[in-house]
Amino acid sequence: MTEPVFAPWDDPNEKPLIEFKNVTKRFGDFTAIDDLTLDIYEREFFALLGPSGCGKTTMMRMLAGFETITEGTILLSGKNIARVPPNRRAVNMMFQSYALFPHLTVWDNIAFGLKREKLPKDQIEARVQEMLKLTRLEKFSKRKPHQISGGQRQRVALARSLAKAPKLLLLDEPLGALDKKLRQDTQFELMDIQEKTGTTFVIVTHDQEEAMTVASRVAVMDEGRLIQVATPAGIYEMPNTVYVADFIGDVNIIEGHGTKTGDGYDVTFAEGQPALHAKTDAQLGEAARCYLAIRPEKVTISAERPDGAVNVVQGTIHDIAYLGNLSTYHVELPTGQILKAQAANTRRLSRRSFTWEDKVWLSWTDTAAVVLER
Amino acid sequence: MRRFSWFNATSLTLGFAFLYIPMIILILYSFNASKLVTVWAGFSTRWYGELLQNEAFLNAAWVTLKVAVASSTIATVLGTMAAYVMVRAGRFSGRTLFSGMIYAPLVMPEVITGLSLLLLFIGIGLDRGIVTIILAHTTFSMCYVSVVVSSRLVSFDRSLEEAALDLGCSPFEAFRLVTLPIIAPAVISGWLLAFTLSLDDLVIASFTSGPSATTLPIKIFSAVRLGVSPEINALSTIMIAIVTVAVITASFVSKRASVRQQAEEKAAVRATG
C-alpha cells in the first residue's frame, strides 16, 4: 500500500478552508486585486508568489483583516469574514519585520496572544514552553528581542503567531531578512513545523526558490491576477504562460510558427534552421504564433552531432557561467539567438570539455519543450 | 587628545561667560549679608532663612507646582491623543489644516494667547484662579507635547500595532499594551517639557491668574518692580538649583538606559557569533 498523496485540491468532496470568490480590491484608482477566485485547503502550505506590487501582500492582509474587500467575498471555513475584525479571527500572521514587541521578553512575546484569551496561568505557561521547545528557544526565554540574533527573532515571531493554534497562519516574506544559508535551513524548519502542527500556512514571497521548496501549491501572481496555481513541479514543468516559465527558474524561450504534425507541433523559428518538434495536447489558435519554453538543464550539449535526436541545432559557445556544481553555457546560434544549456560538472575543472568559441551541438527530446500560446 | 588652541579656549570662555555670568552674579548676591543688593558685605545665608518665613512666596511656590503638575499631565494626555490621531488617521482632506492648527499656538505670541484666554474666561464667567491658570497652561503646552510625541510616532513601526490586533487585542488594548510602553520615553519628555514651560511662564499666567492664586514668576516679577531684594536672589538661586538637578538627573537616567541597551546588544552579538 502506498501512502496517499496529499492533494485535496484534486478531491471534489474536499471542503476548502479559504475561498476567495471574485474578490476585487481597489485603492482609489489602483486595482490591487482583480476579480480573483481561489480555494485553499486545510493543512496546505500555500505560496503566493509574484513580483512586488502584484497584490500578494494585499491578499494576505485581507485574510488577516487589515484591509477591507472592495467586491466579492472571502469565506473562512464557510463563513464570510468581511465583518470580523482582526482580533476575532482564528487567523494569525507572522510579519515581514517580525513586529516583536521590543519592551517584552521572548517569553512575554509568545504569551501575549494567550494572555488576551484570559487563559489560566498554568495553561499559558505550558503552551509557551511547548512553543519554545518547538522553535528551540528555551535558552532565550528571558531575553529581549534586541538581545537575540535575526534567526532567533524569526523563530520568536513564528512561535508567537503559532501559540494561539490558529486555523490559518499567514507568513509575510518570513525569511526575507535572513542570509542565504540560514534561509535554507529555516525553510526546512518551517516545513517541519507545519507538518507537526498541521496548521494551514499561506506564505507570501517573491523568492521563487523559497516557494518551490516549502509549498504544496504555488500561485503565481501578476498585476492582481492569478496566472497559474499548481504544485511546484507543475509550475516548473508545465508552465501555462511565458510569464510563469520566465518567472520560475531559468528558461529558453523560442518564438516561432507552429504547424500541427502528428502528436504535437513543428515550430519554425528562423530561416535556414530546422523546425523544432514538441509533443503536446494543447491546441493552438488560428494564428499559430507560439513559444517554446525549454529549461536549460534539458538541453544536452555535445561536440559531435548526436545520433537520433529529435531537435538539434548548432552554435558557438558565447559565454560560460561556472556555478561550481553546474555550468551554464550560453550558445549563440547562427541566427544570433542565444540558447542556454546546463551541464553538471562531473569532472574536475582541468578536464572540462568545452571552452569559449567552441562549435557545439545542442539537442533535446520532443517532450523537453513546452508549447505556449502567450 | 586634541591639541590645545588659544582660539578655541577663548571662544569657549567668551561663550560660557555670556551665558552664565548673570546667573553667577545672582547666585553670589543671594549669599550677600547686606540688604543692599549691589554692596557686598560678607557671606550669609540669612536671606534663605527669611525666605522660608515669607508666607506669600511659599504660597506662590506651592501654586506654581500644583499648576505645573496638573497642566503638564492634562497636556500630555491631550497632546498624545492629538499626535496619535494626526499620525494614524492617514490622508483625509483638510489634514494639513488640522495639523497646522495643532501646531499654530507654538508660534502665536503669548500675549495674544493670554488675552484670548482671559476674554474666554470672562465670557463664560469663570472666576480667575488656579483652575484658569491650569487650563491656560494646558492649552499652550499641549501642542509642544503633541510635537514631541508625533515625531516619535512617525518612526513607530505600524506592524507592531497590527501584530497586537492580530493576537487578539482590541484597538484600545493594542495602544495601552504595545504603543504606549514603546513611545513612553517621548511621552515622558513631552511631560517634562510641558512641566518646565508651565514653571517659568509669566505672560499667560499673569493674564489668567486672579487674586486667589499667584504663581512664583508673577510674584517675583511684581516684587522686582518694587526693587530687587536679596530674598528674590535667594529664591531664584533655589529655582536654578532645582532645574539644574532635574536636568542632570534626566540626562543621567536616559544616558544610562542607552548605555545599558548598547551593552546588551553587544552581548547578544557576542553570544550568537
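Quick caveat: nothing in here was measured; it's all calculated off a predicted structure.

Brief notes about the UniProt feature "domain: ABC transmembrane type-1" (unreviewed entry) in chain B
Here's step 1: When the UniProt feature table is mapped onto this chain numbering, "domain: ABC transmembrane type-1" (unreviewed entry) sits at residues 61-250 of chain B.
Here's step 2: The span residues 61-250 of chain B shows a helical share of 80% and a strand share of 0%, and its end C-alpha atoms are spaced 22 Å apart.

A short note on the interface of chain A and chain B
Here's step 1: Taken together, the contact pairs 27 residues of chain A with 23 residues of chain B.
Here's step 2: Summing both partners gives a buried area of about 2100 Å² for chain A against chain B, and 62% of it is carried by carbon and sulfur.
Here's step 3: Looking only at chain A, the three residues that lose the most surface to chain B are Asn87, Arg116 and His146 of chain A, adding up to 25% of its buried area.
Here's step 4: At the surface where chain A touches chain B, the tally comes to 1 salt bridge.
Here's step 5: A salt bridge links Glu162 of chain B to Arg61 of chain A; the shortest N-O distance between them is 2.7 Å.
Here's step 6: At the boundary of chain A and chain B, one finds 8 residue pairs in polar contact (both at pLDDT 80 or more).

What about the domain arrangement of chain B?
All names here are of chain B.
Here's step 1: The domain boundaries assigned to chain B delineate domain 1 (9-44) and domain 2 (60-243).
Here's step 2: Here the C-alpha centre of domain 2 lies 33 Å away from the C-alpha centre of domain 1.
Here's step 3: Each partner contributes residues to the interface: domain 1 has 8 residues there, and domain 2 has 8 residues.
Here's step 4: Where domain 1 abuts domain 2, roughly 670 Å² becomes buried across the two surfaces, and 74% of that area is made up of carbon and sulfur atoms.
Here's step 5: On the surface where domain 1 and domain 2 come into contact, there are 0 salt bridges.
Here's step 6: Between the two partners, domain 1 and domain 2, sit 1 residue pair in polar contact (both at pLDDT 80 or more).
Here's step 7: Of the residues in the side of domain 1 that touches domain 2, the class split is 5 nonpolar, 2 polar and 1 charged.

Side note on the sheet that holds strand 4 (residues 71-76) of chain A
Here's step 1: In space, the 4 strands of this open sheet follow the order 2-1-4-5 (chain A), with antiparallel pairing throughout. One side of each edge strand has no neighbouring strand; the edge strands of this open sheet are strand 2 (30-40) and strand 5 (79-80) of chain A.

Looking at the pattern of salt bridges
Here's step 1: Taken as a whole, this structure holds 19 salt bridges over all chains when the rule is applied.
Here's step 2: Here Arg26 of chain A makes a salt bridge to Glu71 of chain A, at a shortest N to O gap of 3.3 Å. You can see Arg26 of chain A sitting in strand 1 (residues 18-27) and its partner Glu71 of chain A sitting in strand 4, a full 45 residues away along the chain.
Here's step 3: What makes Arg26 of chain A partly exposed here is its relative accessible area of 36%.
Here's step 4: Here Glu161 of chain B ties to Arg88 of chain B by a salt bridge, and the two come within 3.1 Å at their closest N and O atoms.

Some words on the confidence of the model for chain B
Here's step 1: Of the residues in chain B, 95% reach a pLDDT of 70 or more, and the chain-wide mean stands at 86.
Here's step 2: We note a pTM of 0.80 for the whole complex and an ipTM of 0.82 for its interfaces.

Side note on the pairing of strand 11 (residues 252-261) of chain A
Residue and element names in this part refer to chain A.
Here's step 1: Judged from the 6 bridges that link them, strand 11 and strand 14 (residues 289-294) form a sheet pairing that is antiparallel. Residue pairing in the sheet places Glu255 in a bridge with Tyr291 of strand 14.
Here's step 2: Here strand 11 pairs with strand 12 (residues 264-268) via 5 bridges, running antiparallel. The residue bridging Lys260 from the neighbouring strand is Tyr265, located in strand 12.
Here's step 3: Counted along the chain from strand 11 to the antiparallel partner strand 12, the turn is 2 residues long, and its residue Gly262 has a positive phi close to 55°.

Quick word on the UniProt feature "domain: ABC transporter" (unreviewed entry) in chain A
Here's step 1: UniProt feature "domain: ABC transporter" (unreviewed entry): in the numbering of this structure it lies at residues 18-248 of chain A.
Here's step 2: Between the C-alpha atoms that bound residues 18-248 of chain A the distance is 25 Å, and the span itself is 36% helix and 26% strand.

Parameters at a glance
Numbering of residues begins from 1 in every chain and follows the order in which that chain's sequence is written. Following the order in which they are written, the chains are lettered starting with A and the ligands numbered starting with 1. Selection of residues for local features in this predicted model requires a pLDDT of at least 70, selection of side-chain atom pairs for listing and counting requires 80 or more, and totals for whole chains, interfaces and linings are taken over all residues. Just so you know, side-chain values use all the structure's heavy atoms and leave hydrogens and water out. UniProt positions are given in the numbering used here, feature names are shortened, and annotations may be inferred rather than shown by experiment. Secondary structure elements follow DSSP: runs of H or I no shorter than four residues count as helices, runs of E no shorter than two count as strands, and numbering proceeds from the N terminus. The contact rule is simple, with two residues in contact once any of their heavy atoms fall within 4.5 Å. We define buried area as the total accessible area lost by two parts upon association, computed with a 1.4 Å probe and summed across both. Within this document, salt bridges are pairs made up of a side-chain nitrogen of Lys or Arg and a carboxyl oxygen of Asp or Glu, the two lying within 4 Å of each other. By the criterion applied in these results, polar contacts are pairs of N or O atoms within 3.5 Å in which, for protein atoms, one can donate a hydrogen and the other can accept it, and in which residues neighboring in sequence qualify only through two side-chain atoms. Domain borders in the structure are assigned automatically or taken from a domain database. Just so you know the grouping, Ala, Val, Leu, Ile, Met, Phe, Trp, Tyr, Cys and Pro go in nonpolar, Asp, Glu, Lys and Arg go in charged, and all remaining residues, Gly too, go in polar. At least two DSSP bridges between two strands are needed for those strands to be called paired. A 1.4 Å probe rolled over the protein chains alone gives each residue an accessible area, and that area as a share of the maximum for its type sets the label: buried under 20%, exposed over 50%, partly exposed in between. Known as pLDDT, the predictor's per-residue confidence is scaled from 0 to 100.

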